[in-house]
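Listed below are the residues making up each chain.
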Amino acid sequence: MEIDFSSAGEETLEEALSNNSDPSVHVSSDRPLEDLYNATLLLKDKVSVVKNAGISNRVEERERFMDAWDNGKGFEPDFEFQNFPYNAETTLMVLEKLKQELEKIDQETMKKYGARELGAQDVRDLFKGLFQEYRLYVQLVDSIDDRERWKKNSLEIWPMIDQGHVDKCRKKLEKGFKVEEKDKDLDSHDLKSMWKEELECLGVEWNIEVREVGGCFNIPEERTVVVADGSNEKRYYSREEARMLTMHELFHVTRAYNGIKAGESAGLPPILGLHTPFYDMTEEGGAIYREKQTNVDYPEKGKDYYLRALAAYYQHQDIEFQEIVEKLVDLGGSVERSFYLAARNREMLRHHIYLGGYWKQWKQRENVEPLLLGKVNPEWAERLWSEVEAEGMLEKPPVTSNDLFD
């Protein structure tokens, strides 16, 4: 079977990845960037760790844990993990063959878009890094039963915070947070109205949908951001939480929007608004940076970020599950939230990236403008910014740091 990414749709790729086969991959020499973008887009949902790395019996194990906790008994989880929904070997083969197709990006390709500083190798490197990250996603989900392999793949994607940051989290939690119960008197449609007003202020054209899901999220390929209405029961928000979510979630929207707009005039496919290599830590760290710069952070959320980071760190240290929960509870976490954080970081060892990204990539940075060029990490931000400064195929972000942070 040949997967032709100049025309391949969802069904063709689905069939190829579902079988133990050796499909060939085709990217056009005339339009390699468009075809590689199409490949990135079609594979994004299929290799997603957020979608695929899950504990299928988490509800049952939570109930078993709570019963043990209430009765002072020990608890050892018997988690059942979701399987990768496609043939992992075939998926990895497709990703490897896509890397081979990168040679079709040449200087003629770059000339077509008016590049001045970036060369063909720069763009090859971007897609190569992206496909390598996708490869790690597949390996993480496929090895999730094997803790050591799973952890190794997780840390390649999301490097752990250092001991100094761990100590800072612990000290902050030991000092305590003045947490007050807030009235949750806003519903999803109130939050949608706040988001609509904020997007209008930023000059960003983006769809807002209310869906029956547990959490809010952004879908750049659909140019849509989702307001959570609740999954099992209707969700309500305090005013503090609504203001924070407005700044946080629309930061994600803005980086996607800027990335789409960056190469629009040159006719570039909107890859910078969809996914570039290992941008996740910068993404979440930047959302916290915006919370703090706009003064919408509040004690309950700050406390939770510290608990998240320590939950990830304790999993990284191979501490027993019950002991992780006990440590988080001793530091002020509720029993249920501590169970969730310990379990979630056994699915994806990722919760440290929020504060880690803020501390390492945003807080001390003098010029954050390049980080707003799209969904990029600091390395790629600087590399791509040279093209902006040369007035080549990339343009300055339409939504600036002044718009977002002042």
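Predicted model, so just to flag it, every value in this text is computed and none were measured. (Residues numbered from 1 in each chain as written. Predicted model: local features only at pLDDT ≥ 70, side-chain atom pairs only at ≥ 80, totals over all residues. Heavy atoms only, no water.)

A.B. asks: Tell me about the packing of aromatic side chains, and name the residues and values.
C.D. replies: Taken as a whole, this structure holds 22 aromatic pairs when the rule is applied. Taken together, a centroid distance of 6.5 Å and an interplanar angle of 80° make the contact between W206 and Y257 edge-to-face. Here W206 is found in the loop between α10 (188–202) and β3 (207–211), whereas its partner Y257 is found in helix α11 (residues 239–262), with 51 residues between them in sequence. The same class applies to W206 and to Y257, which are both buried. Within the aromatic cluster, the residues linked to one another by ring pairs are F65, W69, F75, F79, F81, F321 and F339. When the ring centre of Y314 is taken as reference, the NZ or CZ atom of K327 above it lies at 5.4 Å. One Lys or Arg, R346, reaches over the ring of W150 and ends 4.3 Å from the middle of that ring. (Phe/Tyr/Trp six-rings, centres within 6.5 Å; stacked < 30°, edge-to-face > 60°. Helix = DSSP H or I, 4+ residues; strand = E, 2+ residues; numbered from the N terminus. Buried < 20%, exposed > 50% of the residue type's maximum accessible area, 1.4 Å probe, protein only. Lys NZ or Arg CZ within 6 Å of the ring centre and 35° of its normal.)

A.B. asks: Describe the pattern of salt bridges, with residues and values.
C.D. replies: Overall, the coordinates contain 37 salt bridges when judged by the stated rule. Here E34 and K112 are joined by a salt bridge, their closest N and O atoms 3.8 Å apart. Taken together, the residues E34 in helix α2 (residues 32–44) and K112 in helix α6 (residues 107–113) connect sequence positions 78 residues apart. For the salt bridge of D229 with K234, the shortest nitrogen-to-oxygen distance reads 2.9 Å. (Salt bridge = Lys/Arg side-chain N within 4 Å of Asp/Glu carboxyl O.)

A.B. asks: Tell me what's going on with the environment of S193, and back it up with residues and numbers.
C.D. replies: Mapped onto the elements of the fold, S193 is located in helix α10. The exposure class assigned to S193 is partly exposed, which follows from its relative accessible area of 47%. Residues S193 and I208, 15 residues apart in the sequence, show an inter-C-alpha distance of 9.3 Å.

A.B. asks: I'd like to hear about the sheet that holds strand β4 (residues 217–219), residue by residue, with values.
C.D. replies: The three strands are arranged β3-β5-β4 in an open sheet whose pairing can be described as mixed. Edge positions in the sheet fall to β3 and β4, since each of these pairs with one other strand and no more. On average, each strand axis in the sheet is inclined to that of its neighbour by 30°, with strand direction left out of account. Taken together, the five bridges between β3 and strand β5 (residues 224–228) define a ladder with parallel strand orientation. Among the inter-strand pairings, E209 is bridged to a residue of β5, identified as V226. Strand contacts of α11: β4 and β5, with the helix running at about 15° to β4, the strand carrying the most contacts. (Pairing = 2+ DSSP bridges. Axes fitted to C-alpha atoms, helices over the stretch in contact; angles between N-to-C directions. Contact = heavy atoms within 4.5 Å.)

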